Amino acid sequence: MTDARHRDTGDAPGDRPRAIRAALPLGDRVFQGTALGIGLLVLAITGGIALFLGLQAIPTLQRYGLRFFTQVEWQPELDQLGVAAVLVGTITVALVAIAVSFPLSLLTALYISEYAPPRIKAVLVSLVDLMAAVPSIVYGIWGLLFLQPHAIYVARWFHQNLGFIPIFGVDTDPDAAAWAQSRYTSSSFIAGIVVAMMVIPIACAVMREVFSQAPQGEREAALALGATRWGMIRSVVLPFGRGGIIGGTMLGLGRALGETIAVILIISPVFEIKWSILQVGANTTSALIAGRFGEANPAQLSALLAAGLILFLITLLVNTVAAIVVNRSRSGASTEI
């Protein structure tokens, strides 16, 4: 019967396709099942957190409605609870952190991947990675005791030279003989610089990894055509790593949005929307939760968890978009070469 089938198809016995076993070996099936289980567990934990926060936030959202998102004051004794001020403060501190960390991360990643000798490269990679392991409370103490006394002079300089821009305005005279140093302390500007130190390792690692994947053939082609090292980086590495630059920055933004301990050590909490990043007083969602959680009654606890739900959704959205951008950059889909 087999010979008849071969006569019908015209194939010689040696041309028969090799039988492929559909079933995976036991080891592969165990690994596949374990990976699938862990992935589902991560999704279940993330979904469980969102479900828990959502259920806890229902009483607050039913009581205050949209006022919870638009009201500035947080005065439980007057039954006035709103997260407008802390949401603005959260975004302000995060944007300052990104503005400070982006150029430092980009230049550090370029130097490590393109210019550093092998020995220095290994040391720099270790040092930058080590920055991610430093506890946030250490950064907070460093920012409070070391950075702040010096940063107020930088803040004053911004006020003197760029004070006509609202975000650099401070309610004091910067040119006074005895200028008010206290007006420049505990601000979003100083908290953002400290958070930037925690963002740099994440953003730098992503950018460095993407830069290292730039096609070697196109690097050599650019150099062979007479391009300088910087010309090759500008025409090959940076376009190829554009997705990594954007994704790494957004991952850093997700990290900055949720920072708590370092921020709460530095800022002076106020519940008002402040457009000036240099002036004393600010607040963030995570700092609000950490500062009020211990003394909250059940109604206030529900409000704090509702604020946590908003922060969770914002962070999840930012990190998801960043992961998509980074994954696309790894495949080279974003390059225009």
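What you see is a predicted model, and the numbers here were worked out from it, not measured in a lab.

Undergrad: So what exactly am I meant to see when it comes to the overall build of the protein chain here?
TA: Scanning the protein chain for helices and strands turns up 13 helices and 2 strands. In terms of C-alpha radius of gyration, the protein chain reaches 27 Å, well past the compact-globule figure of 20 Å for 337 residues. By its C-alpha atoms, the protein chain is 100 × 60 × 30 Å across when sized along the principal axes. Expressed as a percentage of the 337 residues in the protein chain, the buried residues total 42%. Residue pairs at least 24 apart in sequence account for 72% of intrachain contacts in the protein chain once pairs closer than 6 positions are excluded.

Undergrad: Hey, could you run me through the packing of aromatic side chains in this one?
TA: By convention here, two paired aromatic rings are described through the distance between centres and the angle between planes. All told, the structure shown has 8 aromatic pairs when counted by the stated rule. Residues Y153 and W179 carry aromatic rings whose centres are separated by 5.5 Å and whose planes lie at 70° to one another, so their mutual orientation is edge-to-face. Pair noted here: Y153 is in helix α6 (residues 136–162) and W179 is in the loop between α6 and α7 (188–211), with a separation of 26 residues, a long-range link. Residue Y153 is classed as partly exposed on the basis of its relative accessible area, which comes to 46%. In this structure W179 comes out as buried when scored by relative accessible area, which is 13%.

Undergrad: How should I be thinking about the pattern of salt bridges in this particular structure?
TA: Counting across every chain of the model gives 4 salt bridges. Here R208 makes a salt bridge to D129, at a shortest N to O gap of 3.9 Å. With R208 in helix α7 and D129 in helix α5 (residues 118–133), the pair connects residues that are 79 residues apart, well separated along the chain. Note on R208: relative accessible area 15%, which makes it buried. Across the pair R255 and E259 runs a salt bridge whose closest N-O atoms are separated by 2.8 Å. The exposure class of E259 is buried, given its relative accessible area of 5%.

Undergrad: Looking at this structure, I do not really get unusual backbone geometry. What am I missing?
TA: Where the residue is not glycine, phi is negative for most of them; where a peptide bond is considered, it is trans in most cases. Look at D79: it is not a glycine, yet its phi comes out positive at around 60°. By the secondary structure assignment, D79 is in the loop between β1 (74–75) and β2 (80–81). Since its relative accessible area comes to 34%, D79 is described here as partly exposed.

Undergrad: Got a minute to help me understand the UniProt feature "transmembrane region" (unreviewed entry) in the protein chain in this structure?
TA: The sites that UniProt annotates as "transmembrane region" (unreviewed entry) are residues 35–61, 81–102, 122–147, 189–211, 260–281 and 301–326. Secondary structure over residues 81–102 splits into 86% helix and 5% strand, and the C-alpha atoms at its two ends are 35 Å apart. In residues 189–211, the share of helix is 100% and the share of strand is 0%. The end C-alpha atoms are 30 Å apart.

Undergrad: For this particular structure, what's the right way to read a nonpolar patch on the surface?
TA: On the surface, I137, V138, I141, L144, L145, I261, I264 and L265 cluster together to form a nonpolar patch covering roughly 630 Å² of accessible area. Secondary-structure elements contributing two or more residues to the nonpolar patch are α6 and α11 (261–266). Looking at the nonpolar patch element by element, the count peaks at 5 residues for α6.

Undergrad: Teacher, can you tell me more about the environment of L87 here?
TA: As for its position among the elements, L87 is in helix α4 (residues 84–115). L87 gets classed as buried once you look at its relative accessible area, which sits at 19%. Dropping the residues within four chain positions of it, L87 is found in contact with T285, I310 and I314.

Undergrad: What is the right way to read the confidence of the model for the protein chain from this model?
TA: Keep in mind that low pLDDT regions are not for reading the predicted coordinates in detail. When pLDDT is averaged along the protein chain, the result is 86; 92% of the residues meet or exceed 70. Low confidence marks residues 333–337, where pLDDT is under 50. Its contacts with residues over four positions away, or in another chain, come to 12 contacts.

Undergrad: I would appreciate a short explanation of the side chain of S276 in the present structure.
TA: With respect to the helices, strands and loops of the structure, S276 is situated in the loop between α11 and α12 (285–292). At 2.4 Å, the side chain of S276 forms a polar contact with the backbone oxygen of G169. Within the structure, S276 has its side chain in polar contact with the backbone nitrogen of L278 (distance 3.4 Å). When neighbours within four sequence positions are excluded, S276 is seen to be in contact with P166, I167, F168, G169 and V170.

Conventions used here
Residues numbered from 1 in each chain as written. Predicted model: local features only at pLDDT ≥ 70, side-chain atom pairs only at ≥ 80, totals over all residues. Heavy atoms only, no water. Helix = DSSP H or I, 4+ residues; strand = E, 2+ residues; numbered from the N terminus. Rg over C-alpha atoms; globule rule 2.2 N^0.38 Å. Buried < 20%, exposed > 50% of the residue type's maximum accessible area, 1.4 Å probe, protein only. Contact = heavy atoms within 4.5 Å. Phe/Tyr/Trp six-rings, centres within 6.5 Å; stacked < 30°, edge-to-face > 60°. Salt bridge = Lys/Arg side-chain N within 4 Å of Asp/Glu carboxyl O. UniProt positions renumbered as here; feature names shortened; annotations may be inferred. Patch = residues over 30% accessible without salt bridge, like charges linked within 9 Å, V, L, I, M, F, W, Y side chains within 5 Å. Areas by Shrake-Rupley, 256 points an atom, 1.4 Å probe, with all protein chains shown as cover. pLDDT = per-residue confidence, 0-100. Polar contact = N/O pair within 3.5 Å; in protein donor to acceptor, adjacent residues only side chain to side chain.

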